[in-house]
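# Geometric and topological summary
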Amino acid sequence: MVWVPARVKVPVMTVVIEAYRQVFGQLGLLLEIAWLPLLILLAASILPDLFLPGRSLVAGAPLSFTFADAVEAVVAIFCLNAFAVRWHQIALYGGPRAIPAGLFRRAFARFLIYTIALYLASLVLIGAIAAASAILGASATSAGANANDVFAILLIAAGVASALLWLVTARLALLFPAAAYGDALGWGAAWRLMRGNSWRLIACGVLGCAPFVLTVAVVMIAILSAADRGVDMARLPPSLGFLLLRGVIDTVTNFVVVALGASILSRFYRRIVLGERDRAPPQR
């Protein structure tokens, strides 16, 4: 008989509750793991705004992307990935002392490769859809369509791109906990194993991260309103106190969101991959 692994349906609310318990029940451990990358990322988010010019790297671009933004993005990739590796390993091995020696370096290298590969694929997909939408928009304009129709085309294209990115990232998400666990899980295997659970992972991400992010946003608005009542927050340049406050809140929020995502992904990996191996018959 050929053994066929049973399809696992990951419970959404159970995973979200478990992730919240792990992250907010171990805030001391989180700070112990995150303090160094958090300080580095905090410096990268504040210092360039103070000492580097705020000119856009791409002249005439509709969205400003400054050199300070580029520095923060590069530092964030390294710092957040390093923290994500450690938190995945803590979630999968049950604690920092149970993690095998030397595993962090291999896992961190794989995390960087996967992250950069997905970023590049996202840029290619966004560029292709942007080009297609621009062509459609130009065709609609030449055919006499009004500006609202052209905007609707661009809006639909942006929605399609976002949905595709979410789905592709969700289908390949098991690559990250597998790398942290020291598992040589391939791209194709990760894609197949997540079949039927991609939407569950997206739902866990939304239910797990959105309430925390919205709460932080409300608190941030309340603090700024109380501190600068009657002051135009859009003034240039922003005050040093505002930069420090925004940088601290944004950086801490990023690390907590990464911890929640890592806890959620680790539970998907436990149920889908490790659970299947436990049910598999022994090799002869």
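Before reading on, note that the structure itself is shown above.
Residues numbered from 1 in each chain as written. Predicted model: local features only at pLDDT ≥ 70, side-chain atom pairs only at ≥ 80, totals over all residues. Heavy atoms only, no water.

### A short note on the nonpolar core
Heads up, the condition is: Buried Ala, Val, Leu, Ile, Met, Phe, Trp, Tyr and Cys residues form a nonpolar core when they are joined through side-chain atoms within 4.5 Å. Partly exposed residues are those whose accessible area sits between 20% and 50% of the maximum for their type, while under 20% is buried and over 50% is exposed, using a 1.4 Å probe and protein chains only. A helix here means a DSSP run of H or I that spans at least four residues, while a strand means a run of E at least two residues long, and both kinds are numbered starting from the N terminus. Note on definitions: a residue-residue contact is assigned when non-hydrogen atoms from the two residues lie within 4.5 Å.
Core analysis: the largest hydrophobic core is formed by 63 residues, its most contacted members being Phe83, Trp87, Leu174, Leu201, Phe268 and Ile272. It is helix 9 (residues 240-279) that contributes the most residues to this core, 14 residues altogether. Each residue touching phenylalanine 268, except ones within four places of it in the same chain, is listed here: Val10, Val15, Leu174, Met194, Asn197, Arg200, Leu201, Cys204 and Val273.

### A short note on the layout of surface pockets
Heads up, the rule is: For cavity detection a 1 Å grid was placed over the protein atoms alone, and a set of points counts as a cavity when a 1.4 Å probe fits there but cannot get out; an open set counts as a pocket when protein lies on both sides within 12 Å along at least five of seven lines, with lining residues being those that have an atom within 4 Å of a point. Grid points are joined across faces, edges and corners, and a volume is the space filled by probe spheres set on the points. Under this grouping Gly is polar, as are all residues other than the nonpolar Ala, Val, Leu, Ile, Met, Phe, Trp, Tyr, Cys and Pro and the charged Asp, Glu, Lys and Arg.
The calculated volume of the largest pocket comes to roughly 1400 Å³. In terms of lining, the largest pocket is formed by 32 residues, of which the most central are Tyr119, Thr169, Phe176, Val258 and Leu265. Among the secondary structure elements, those contributing two or more residues to the lining of the largest pocket are helix 3 (67-93), helix 4 (103-142), helix 5 (147-171), helix 8 (198-227) and helix 9. Classifying every residue of the lining of the largest pocket gives 24 nonpolar, 8 polar and no charged.

### Some thoughts on helix 3
Condition: What a helix is expected to span follows from its residue count: subtract one and scale by 1.5 Å.
Taking 1.5 Å of rise per residue, the 27 residues of helix 3 would be expected to cover 39 Å, and the 39 Å separating its terminal C-alpha atoms lies within 8% of that figure. Looking one or two residues beyond helix 3, the residue adopting positive phi is glycine 94, at roughly 90°.

### Overview of helix 1 (residues 12-24)
Basically, it comes down to this: This arc describes the spread of directions from the helix axis toward the C-beta atoms.
For helix 1, built from 13 residues, the straight-helix expectation of 18 Å at 1.5 Å per residue is met to within 8% by its first-to-last C-alpha distance of 18 Å. Taken residue by residue, helix 1 has Val12, Val15, Val16, Ala19, Gln22 and Val23 as its buried positions. The buried residues of helix 1 occupy an angular sector of 130° when projected down its axis, which confines them to one face.

### Description of the state of the cysteines
Put simply, the rule is: Disulfide: a pair of cysteine sulfur atoms within 2.5 Å of each other.
One pass over the full model with this rule turns up 0 disulfides. Cysteine 209 supplies the cysteine sulfur nearest to cysteine 204, a cysteine that is in no disulfide, at a spacing of 9.9 Å.

### Things to note about the packing of aromatic side chains
Counted only if it meets this: Centres within 6.5 Å make a pair out of two Phe, Tyr or Trp rings, where for Trp the six-membered ring is used; the pair is then stacked when the planes are under 30 degrees apart, edge-to-face when over 60, and tilted otherwise.
Counted by the stated rule, this structure contains 11 aromatic pairs. Relative to phenylalanine 212, the ring of phenylalanine 24 lies with its centre 5.9 Å away and its plane at 50°, an arrangement referred to as tilted. Placement of the pair is phenylalanine 24 in helix 1 and phenylalanine 212 in helix 8, with a sequence separation of 188 residues. Given a relative accessible area of 15%, phenylalanine 212 falls into the buried group. Aromatic rings pair up to connect Phe111, Tyr114, Phe176 and Trp187 into one cluster.

### Notes on the side chain of serine 45
To keep things clear, this is the line we draw: Pairing of N or O atoms within 3.5 Å defines a polar contact, subject to two protein rules: one partner must be a possible hydrogen donor and the other a possible acceptor, and residues neighboring in sequence count only if both atoms are side-chain atoms.
With respect to the helices and strands, serine 45 occurs in helix 2 (residues 27-51). There is a polar contact of 2.8 Å between the side chain of serine 45 and the backbone oxygen of leucine 42. Contacts of serine 45, omitting those with residues within four sequence positions, involve Glu72, Gly247 and Thr251.

### As for the pattern of salt bridges
Inclusion rule: Any carboxyl oxygen of Asp or Glu within 4 Å of a side-chain nitrogen of Lys or Arg constitutes a salt bridge here.
One pass over the structure, following the stated rule, counts 2 salt bridges. In this structure, the salt-bridge partner of arginine 267 is glutamate 18, at a minimum N-O distance of 3.1 Å. Residue arginine 267 is found in helix 9, and its partner glutamate 18 is found in helix 1; the two are separated by 249 residues along the sequence. A relative accessible area of 15% places arginine 267 in the buried class. Glutamate 18 sits in the partly exposed class, given a relative accessible area of 24%.

### Some details on the environment of tyrosine 93
Structurally, tyrosine 93 can be placed in helix 3. Each C-alpha atom, one on tyrosine 93 and one on alanine 180, is 9.8 Å from the other, the two residues being 87 residues apart in sequence.

### Considering a nonpolar patch on the surface
What counts is decided by this rule: Patch definition: residues above 30% relative accessible area lacking any salt bridge, with like charges linked at up to 9 Å and the nonpolar side chains Val, Leu, Ile, Met, Phe, Trp and Tyr linked at up to 5 Å. Surface accessibility follows the Shrake-Rupley procedure with a 1.4 Å probe radius. Residue values consider only the protein chains on display as shielding.
On the surface, Trp35, Leu36, Leu39 and Ile40 cluster together into a nonpolar patch covering about 410 Å² of accessible area. Within the secondary structure layout, tryptophan 35 lies in helix 2.

### What to know about the environment of alanine 210
With respect to the secondary-structure elements, alanine 210 resides in helix 8. Sequence spacing of alanine 210 and valine 257 is 47 residues, and the spatial spacing of their C-alpha atoms is 9.2 Å.

### Side note on the side chain of glutamine 22
Secondary-structure assignment places glutamine 22 in helix 1. Look at glutamine 22 and you get buried, because its relative accessible area is 8%. In this structure the side chain of glutamine 22 is engaged in a polar contact, spanning 3.0 Å, whose partner is the side chain of arginine 267. Those residues within four positions of glutamine 22 in sequence are excluded, and the remaining contacts are Trp87, Ile90, Ala91, Ser263 and Arg267.

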